[in-house]
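Descriptive analysis of the structure
Here is how the chains run, residue by residue.
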Amino acid sequence: MVKPAKTSLWALALAIPFLAAGVAALKPQAQPQSLPDTFWTDRRAAARIEARLTHSEADRYRSRAPAGGCPVPAEPMPLGPLARMEAQQDWGGIAAAYALEGEWNQAASFLERTPGSPERDSDLAAVALARDDHERALRLLDGALAAKPNLTQALWNRALVFREMGLTLRASALFEEVAKRNEQGWGREAHAQALALREATLERQRQWKAARDATLALVEDPQAPLPMDAARQMPGTVRGVFYDVVRAAASKERAQALLPLAKELDRVHGGSVLSDYVQRVAKRDFSRRSTLAQQYAETLRAGQGVPETLLDRARLSGDDDIYLGALLRGRGNAARDLQDTLARIQKTNDPWFADVAERDQARKEISEGAWWKAEQRYFGALQRCRETTLSARCLELERRLAMFYGDMQRVSEAEQHAKQLWAGARQLREWDLELNALEILSHVARSRNDLGSARAYLEEWMARGASVSCYWPHVQLAHLHYQDLRPEAARRELDLAAACSDNPMEPMFGATLAELTRTSPGSEDAAWMRTISARMLAGPVVAKSDQVYERYLEGRFLLEQDRGQGEAFLRDTITRADALPRGDALARESWALAYSSLATDAGRAGEFPKVVTLMAAQLGTPVPTRCALAASVHAERTVLVALGPKGEVKGHYDASRKVAFAHSDSSRLVPDALRQTLASCERVDVLAWAPVFGRTDLLPAELAWSFRLGRVSGPRPAPAATRRLVVAGVETPSLLQLPRLPTWTPDAEPGGAPPDVLSGSDATPSRVLARMADATEIEIHAHGITDPTLSGASLVVLSPEVNGRYALTADVVREHRLTGAPTVFLAACSAGRTTALQSTEPFSLPAAFIDSGARAVLASTVDIPDAAGRFFDGVRRRIHAGIPAAIALRDERQAWLSRDARAGWTRSVLLVENAE
């Protein structure tokens, strides 16, 4: 393989035997000759790719024919033309030649040597698409098309990305846009692609709707034919409606007429559950049941929930199936009806309803705070379902797991189950579940800051006509565009949302409006904000957290109109939020955003000492006077303030960010002038909130620095003795499918007490918490899972308790006082990973340890190798020798980097320290 970064094509060519004529062809020429006419013709004729390239020769249309499924080996690339292109530094040409051969690694290495441009981004997107990196491909293509809307190759490639993601109606629309440009060959193929994608997608919708309508017709028309073909082809759809058809049957004869359809569904799914059900119903006393069945049918026709009166009559009549249907379709009192629902489901002995029972019990467990029980319940139900033929019900469990993990912000797991749902729904032609999957995938992508994918899923959802609301999708898109720093697009969608007749002017509209007023104001903004505020505060009882959020929105908006009044409102927001429990998520979000707004506004005004004071107040730490950096990022704005070794103040404000901070390289966030101010400091305290908190590349690895958080209340009591707690050898729950970590055996300190080791099944959350109370050092060697639910960062996986609980989370840690003021080493993969959301608590698992009294916390923000235990132990020993934690971390890191090039992960170890 050619390695252009280190070996020239000349040297590589000379290392390969070739004919004398080939040697002559490779010799440098005074004036490079033009390439042979057949070079690009041959490349295009044998092209292995579907993506389009921006190189003019490589992009000429060629028809592509399937290879019959047989792999065809690539022809050797002629080295002479490549060498001449290298001599001319035609890196784009070489990249295109390799790309046509499907040699994407080589193509990428040459593309990276070309100047930045929309064309380069489009070609790099083709590389990302070949690697199935749809997120990066969309980001590159969105940027390329924003800069150059007429770049047809980027439009084509974007259509391919949408198609590969399964977003076929959006892909079809994009291919049609390409077709309208009437390029030779490409236009015809684009139209054919668009037509095929649209028809295949709409055919799935037609089949689903036809199967559902044909089954529902049995409620309306006793003479309607039984949908036997639909039962064979789409048994899940038909069965889902069939239960209601039987409940609505008003006579014994009508019920018996449904028996052939029941038998066909039983044949497909196995067993005789439905046949037995129909025969039981046919034996009921229809002089009593008939009225109930007719009333039930009326609610189906009206598309309404079941009234309480019908629910009560069905309960008393003993018609359990109608009662169960009413319970499942009604909203009722979930807590009151839970046991009744479970009892009725158990009596049916029908596996179709098993997931309903699990869902309702899981909801109860989640409401009681036992989310780990719900997780186990869902997993168990899914495993049992996969052993049956009820594929559609398994998809329903995938949906519930995706939503469960989505609510917990465990985005990796949520995405995994949402994609299983997405693929399965398309395969089974369950159109309604496809729509559910798109909505979940959009939310999950937003949670992990993949805003391009979030928009793509939402656009496909809209293209399928999924929403009866005009307003909702537009306001969602507006907020996504704002988060992605596309104010013009955000304003366009917000104006569309405002024009909708069903616009409720709710808080998300207000949050987007308040931010857009800064960069893209509108003439009606003030009137809209007044309407939003009035609606939020209307009603006899308004939650205190809603009042706080309304105060924040109004203050954020006023900051651009009347700075003094805006500041007053934002400070009032902070005061009101502080009076509410810390667990009030909306109040805490308002609190964080109010601080961020004040800090960036102070930076805009050049009031840099005020920025430091605000940041210290937000972090609950004393205001530093020297060797500190305050850093705040709010959308497109950045404020940085450096305090030098003599207290000198150097500030920087910038409002020109074009790429969302989540996708930005923070290694260059701090300008050189501010770095120079800090260069002579022995160590630096960094004051930062999300999304900057947790960025381990903020300052150079050669500088000793740490994030500062928290305030010590009073002098620390001296511990009676050093006590080291080590948690290792954890037995993780099988449902998480995590690899077993190597055993970590800590060395005893010379002359000191042996460490207190918790391992195996003993390393449960309750035991770990109890033994942490008076420890002076805590080491945890375990797996970490990103989980911003409870606090915004990650959890550590420990051995499960008897009741199944396995997670050490921030909220639990915060409830326990650590009297030994320990230094905590979280040697867990990604235990220090943080979200990039402006409103979340910063890095909450380490922050929780600080809140509970820890002196310092070290954690990795990336996955770590098995050798990490030795690295953390090295830092620990340096601290024992009396070296400050930040310097100990810096020195151990430098020692590892100097002797092992694979130790780059050590740069991603984070240090958070409490105020001394």
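Residues numbered from 1 in each chain as written. Predicted model: local features only at pLDDT ≥ 70, side-chain atom pairs only at ≥ 80, totals over all residues. Heavy atoms only, no water.

**Thoughts on the overall build of the protein**
Here is the rule: Only DSSP runs of H or I with at least four residues qualify as helices, and only runs of E with at least two residues qualify as strands; both kinds are numbered from the N terminus onward. Burial here depends on accessible area, computed with a 1.4 Å probe over protein chains only, as a share of the maximum for the residue type. Under 20% is buried, over 50% is exposed, and the range in between is partly exposed. Whether two residues touch is decided by their heavy atoms; if any such pair falls within 4.5 Å, the residues are in contact.
Broken down by element type, the protein carries 40 helices and 13 strands. Buried residues in the protein amount to 54% of all 916 residues. Sequence separation of at least 24 residues holds for 67% of the intrachain contacts in the protein that already meet a minimum separation of 6.

**Some points on the state of the cysteines**
Using the following cut-off: Cysteine sulfur atoms that come within 2.5 Å of each other are treated as a disulfide pair.
Within the structure shown, the criterion is met by three disulfides. Disulfide partner of Cys-385: Cys-394, at an S-S distance of 2.2 Å. Between Cys-385 and Cys-394 the sulfur-sulfur dihedral comes to about -105°; the bridge is accordingly left-handed. As far as the burial class goes, Cys-385 and Cys-394 line up, both buried. Between the sulfur of Cys-470 and that of Cys-500 lies a disulfide, 1.9 Å long from S to S. Here Cys-470 and Cys-500 share a disulfide; its torsion about the S-S bond, -60°, makes the bridge left-handed. Of the two residues, Cys-470 sits in the loop between helix H26 (451-463) and helix H27 (471-483) while Cys-500 sits in the loop between helix H28 (487-499) and helix H29 (507-519), which places them 30 residues apart along the sequence. For Cys-470, a relative accessible area of 36% gives the class partly exposed. Judged by relative accessible area, Cys-500 falls into the buried class, the value being 6%. Among the cysteines of the protein that take part in disulfides, numbered as they appear in the sequence, the pairing is 1-2, 3-4, 5-6.

**Observations regarding helix H8 (residues 134-147)**
The condition that has to hold: The span expected for a helix works out to 1.5 Å for each residue beyond the first.
Taking 1.5 Å as the rise per residue, H8 with 14 residues should run 20 Å; its terminal C-alpha atoms sit 20 Å apart, in good agreement. Along H8, the positions that sit buried rather than exposed are His-134, Ala-137, Leu-138, Leu-140, Leu-141, Asp-142, Ala-144 and Leu-145. Where H8 is buried, its residues meet helix H7 (118-130), helix H9 (152-164) and H26.

**Digging into the packing of aromatic side chains**
Centre-to-centre distance and the angle between the planes together describe a pair of aromatic rings. Rule in force here: Pairing of aromatic rings covers Phe, Tyr and Trp, the last counted by its six-membered ring, and requires centre-to-centre distances within 6.5 Å; plane angles under 30 degrees mean stacked, over 60 mean edge-to-face, and any other angle means tilted. Whether a charge sits over a ring depends on NZ of Lys or CZ of Arg being within 6 Å of the ring centre and within 35 degrees of the ring normal.
This model, assessed by the stated rule, comprises 25 aromatic pairs. Summarising the aromatic geometry, the rings of Trp-896 and Trp-905 are spaced 6.1 Å apart at their centres and angled 80° between planes, so their arrangement reads as edge-to-face. The exposure classification of Trp-896 matches that of Trp-905, with both residues buried. Chaining the aromatic ring pairs together yields one cluster made of Tyr-61, Trp-156, Phe-175 and Trp-186. Between Arg-52 and the ring centre of Trp-186, over which it is positioned, the NZ or CZ distance is 4.2 Å. Just above the ring of Phe-661 sits the side chain of Arg-695; from NZ or CZ to the centre is 4.2 Å.

**Here's the deal with the pairing of strand E4 (residues 684-688)**
Heads up, the condition is: Pairing between two strands is assigned when DSSP locates at least 2 bridges connecting them.
Most of E4 sits out of view: five of its five residues are buried. Burial along E4 is two-sided: Val-684, Val-686 and Ala-688 facing one way and Asp-685 and Leu-687 facing the other are all buried. Note that strand E1 (residues 628-634) and E4 share four bridges and pair parallel. Looking across to E4, one finds that Ala-630 is bridged to Leu-687. Strand direction decides the pairing type here: E4 and strand E5 (residues 705-708), joined by three bridges, are parallel. By the bridge assignment, Val-684 is partnered in E5 with Trp-705.

**Considerations on the pairing of strand E12 (residues 856-860)**
With respect to burial, E12 is a largely interior element, five of its five residues being buried. On E12, burial covers both faces: Ala-856, Leu-858 and Ser-860 on one face and Val-857 and Ala-859 on the other are all buried. Sheet analysis places E12 next to strand E13 (residues 909-913), joined by five bridges and oriented antiparallel. What sits directly across from Ala-859, in E13, is Leu-910.

**Some details on the pattern of salt bridges**
Our working rule: Should a side-chain nitrogen of Lys or Arg be within 4 Å of a carboxyl oxygen of Asp or Glu, the pair is scored as a salt bridge.
Within this structure, the stated rule accounts for 79 salt bridges. Where Glu-413 meets Arg-410, a salt bridge forms, and the shortest distance between an N and an O atom there is 3.1 Å. Accessibility assignment for this pair places Glu-413 and Arg-410 in one class, buried. One network of salt bridges, with partners in common, ties together Arg-556, Glu-560, Arg-563, Glu-567, Asp-601, Arg-604, Glu-607 and Lys-610.

**Describing the packing of H7 against H9**
To keep it simple, the criterion reads: Where helices are involved, their axes are fitted lines through C-alpha atoms of the stretch in contact, as for all axes, and angles between N-to-C directions lie from 0 to 180°. Here is the rule for angles: anything less than 35 degrees is roughly parallel, anything more than 145 is roughly antiparallel, 65 through 115 is roughly perpendicular, and the remaining ranges are oblique. Helix crossings get a hand from a simple test, with the near helix turned counterclockwise from the far one by less than a right angle marking a left-handed crossing and a clockwise turn marking a right-handed one.
The contact between H7 and H9 brings their axes to 9 Å, and the two run at 20°. Judged on the interaxial angle alone, H9 and H7 are roughly parallel. Judged by the sense of rotation from one axis to the other, the crossing of H7 with H9 is left-handed. Each of Ser-122, Ala-126 and Leu-129 in H7 lies in contact with H9, whose residues at this interface are Gln-153, Ala-154, Asn-157, Leu-160, Val-161 and Glu-164.

**With respect to the environment of Arg-571**
Mapped onto the elements, Arg-571 comes out in helix H32 (residues 563-578). By relative accessible area, Arg-571 is classed as partly exposed at 40%. Taking C-alpha positions, Arg-571 is 8.4 Å from Leu-598, a pair spaced 27 residues apart along the chain. Excluding anything up to four places from it in sequence, Arg-571 contacts Leu-598, Lys-610 and Leu-614.

**Some points on the confidence of the model for the protein**
To keep it simple, the criterion reads: pLDDT expresses how confident the predictor is about each individual residue, on a scale running from 0 to 100.
Of the residues in the protein, 90% reach a pLDDT of 70 or more, and the chain-wide mean stands at 87. When pLDDT is averaged over each element of the protein, strand E2 (residues 637-643) comes out on top at 98 and helix H1 (residues 9-14) at the bottom at 36. Across residues 787-793 the pLDDT falls below 50, and counting only partners more than four positions away or on other chains, this stretch makes 30 contacts in the model. Here residues 830-838 scores under 50 on pLDDT; set against residues more than four positions off or in separate chains, the count is 47 contacts.

**Points about unusual backbone geometry**
Looking along the chain, the bond that leaves Ala-690 and enters Pro-691 is cis, with omega of 10°. Its identity as a non-glycine residue notwithstanding, Asn-349 has a phi of 55°, on the positive side. Among the structural elements, Asn-349 can be located in the loop between helix H20 (334-348) and helix H21 (354-367). Although it is not a glycine, Ala-635 sits at a positive phi angle of roughly 55°. Relative to the helices and strands, Ala-635 is located in the loop between E1 and E2. Judged by relative accessible area, which is 16%, Ala-635 ranks as buried.

**Quick notes on the environment of Ala-478**
Within the secondary structure layout, Ala-478 lies in helix H27. Looking at Ala-478, the relative accessible area reads 0%, which means it is buried. Here the alpha-carbon distance between Ala-478 and Glu-493, two residues 15 residues apart in the chain, equals 4.9 Å. Not counting residues up to four positions away in its chain, the partners in contact with Ala-478 are Ala-490, Glu-493, Leu-494 and Thr-512.

**A closer look at the environment of Val-475**
Mapped onto the secondary structure, Val-475 falls in helix H27. Beyond its immediate stretch of four places on either side in the chain, Val-475 contacts Leu-494, Ala-497, Glu-506, Met-508 and Phe-509.

**Regarding the side chain of Thr-517**
So the rule is basically this: Whenever two N or O atoms come within 3.5 Å, that pair is a polar contact, provided that in protein one can donate a hydrogen and the other can accept it, and provided that, for residues adjacent in sequence, both atoms are side-chain atoms.
Locating Thr-517 in the fold gives a position in helix H29. Judged by its relative accessible area of 7%, Thr-517 falls in the buried class. Polar contacts involving the side chain of Thr-517 include one to the side chain of Asp-525, which spans 3.4 Å. Beyond its immediate sequence surroundings of up to four residues, Thr-517 is in contact with Asp-525, Phe-557 and Gln-561.

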